[in-house]
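Observations on the model geometry
These are the residues of each chain, in order.
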Amino acid sequence: MPSPHDSEPMMINLATISTPREKALVALEGPIDPELIASATEAHFHSLPLVADDGRCLGTISVQELARLAANRTPLTTEHATSPCARLPYLVPIGTLVQSLLDPGIIIHTADPDADLPVTWFGIITPADLNKPIFRAHVYMMLVTLETSLGQLIMDEFGDDWGAIRLLSENTQRRVKEFWDEERAEGVDLSPITTVTLSDLFHIAIESHRVWSLMGFDSPATLRPIAQHVNDLRNRIMHPVRPLIVNQQELRELADGIHSIETLTHALEKRIGVLSG
């Protein structure tokens, strides 16, 4: 598959999902408070920011290492940081956010330049913050863009829209026909492609040599697992009663799914003329 270069990625303002420095659990230089370790463990945090007396972030320290030092009654110093204090800007692509959380599992970001905050201020994000509705909404919009682009490519390639629909199962064809008839009865005369789901669109793409090749795939077999992965992510996004991320494996699956959405959307937008080059 081609890699995204010049398409505009979906951006997220990290301050909309992060915890500000003044409200977050942080490890301070000096003696270690046992309550801090208990709170971090209860919250399932793997790492905490290590903060100097003047508010500077010295790096991050794993909760496991923090507990070991506390057991030995060792005061925290700058040298105890287990990872550097790499900061992201306050506005980043969704893919960058998720990839950055894979290791060490905590993100520190800077403030909006227009905000009246000290230069040492930072916000903190952990994988649990990806369960917030605003993050789901961003991924949903990415899926909408992908679905719209794939639908447009299929409509461009099938002058007879029903030719694409006939690649679907008989039950799905009947469902599409019913929706299409209902729309026409309401005075809405659109392509039947507008009534299908993302899963249906992927099925058409896999069945049509022209479509999967235009998407940049060597065979339908290479598209099929990616389509399944994206469909699975869509189902998780659309069922918010369950947390999106509950463990490291699901975080990695989310990162892979986001990458697939970005890559597919880029390839599709180039084909349908949204992007140049």
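Structure first, text after, so check above.
Residues numbered from 1 in each chain as written. Predicted model: local features only at pLDDT ≥ 70, side-chain atom pairs only at ≥ 80, totals over all residues. Heavy atoms only, no water.

**Regarding the nonpolar core**
- Counting residues in hydrophobic clusters, the biggest one holds 54 residues, and the most contacted among them are L97, L130, F135 and M215.
- Ranked by residues supplied to this core, first place goes to helix 4 (residues 133-157) with 8 residues.
- Among residues more than four places away in sequence, those in contact with L97 are I12, L14, I17, V92, I107, I125, L130 and F135. (Core = buried A, V, L, I, M, F, W, Y, C linked by side-chain atoms within 4.5 Å. Buried < 20%, exposed > 50% of the residue type's maximum accessible area, 1.4 Å probe, protein only. Helix = DSSP H or I, 4+ residues; strand = E, 2+ residues; numbered from the N terminus. Contact = heavy atoms within 4.5 Å.)

**A word on the sheet that holds strand 5 (residues 57-62)**
- Strand order in the open sheet formed by 3 strands is 3-4-5, with mixed pairing between adjacent strands. Where the open sheet ends on each side, the last strands, each with one partner, are strand 3 (27-28) and strand 5.
- Bridge count for strand 4 (residues 47-51) against strand 5 is 5 bridges, and the pairing is antiparallel. Considered in strand 5, the bridge of L48 is made with I61. (Pairing = 2+ DSSP bridges.)

**Looking at helix 3 (residues 94-101)**
- Among the residues of helix 3, those classed as buried are I94, G95, L97, V98 and L101. Looking straight down helix 3, one finds its buried side chains confined to an arc of 160 degrees; they lie on one side.
- Where the residues of helix 3 are buried, they touch strand 1 (11-13), strand 7 (91-93), strand 8 (107-109), strand 9 (123-125), helix 4 and helix 10 (248-271). (Arc of directions from axis to C-beta.)

**Considerations on the layout of surface pockets**
- Of the volumes computed, that of the largest pocket is approximately 360 Å³.
- Lining the largest pocket are 18 residues, with H44, H46, P127, A128 and V246 positioned closest to its centre.
- A breakdown of the residues in the lining of the largest pocket according to their chemical character gives 10 nonpolar, 8 polar and no charged. (1 Å grid on protein atoms, 1.4 Å probe; cavity = no way out; pocket = protein on both sides within 12 Å on 5 of 7 lines; lining within 4 Å. Points joined across faces, edges and corners; volume = space filled by probe spheres on them. Nonpolar A, V, L, I, M, F, W, Y, C, P; charged D, E, K, R; others polar.)

**A word on helix 1 (residues 34-42)**
- For helix 1, the complete set of buried residues consists of L36, I37 and A40. Down the axis of helix 1, the smallest arc covering the buried residues is 95 degrees, so these residues share one side. In helix 1, those exposed residues whose orientation departs by more than 90 degrees from the buried face are P34, E35 and E42.
- Count one or two residues on from helix 1 and you reach H44, which has phi positive near 65 degrees.

**Overview of a nonpolar patch on the surface**
- A surface patch of nonpolar side chains, amounting to about 270 Å² of accessible area, comprises Y140, M141 and M238.
- Looking at where Y140 falls in the secondary structure, it is placed in helix 4. (Patch = residues over 30% accessible without salt bridge, like charges linked within 9 Å, V, L, I, M, F, W, Y side chains within 5 Å. Areas by Shrake-Rupley, 256 points an atom, 1.4 Å probe, with all protein chains shown as cover. Salt bridge = Lys/Arg side-chain N within 4 Å of Asp/Glu carboxyl O.)

**What to know about unusual backbone geometry**
- Positive phi, close to 65 degrees, is recorded for H44, a residue that is not glycine.
- Within the secondary structure, H44 is located in the loop between helix 1 and strand 4.
- Among the residues examined, H44 registers a relative accessible area of 65% and is labelled exposed.
- Of note, the phi angle at R73 is positive, near 55 degrees, even though the residue is not glycine.
- Of note, R73 is situated in the loop between helix 2 (63-71) and strand 6 (87-88).
- A relative accessible area of 74% places R73 in the exposed class.

**What about the sheet that holds strand 6?**
- Taken in spatial order, the 4 strands line up as 2-9-8-6 in an open sheet, and their pairing is mixed. Looking at the sheet topology across the chains shown, the edges are occupied by strand 2 (19-20) and strand 6.
- Where strand 6 meets strand 8, 2 bridges bridge the pair, whose relative direction is parallel. Each bridged residue has a counterpart across the sheet, and for R87 the counterpart in strand 8 is I108.
- Sheet strands touched by helix 3: strand 6, strand 8 and strand 9. Its angle to strand 8, the strand with the most contacts, is close to 135 degrees. (Axes fitted to C-alpha atoms, helices over the stretch in contact; angles between N-to-C directions.)

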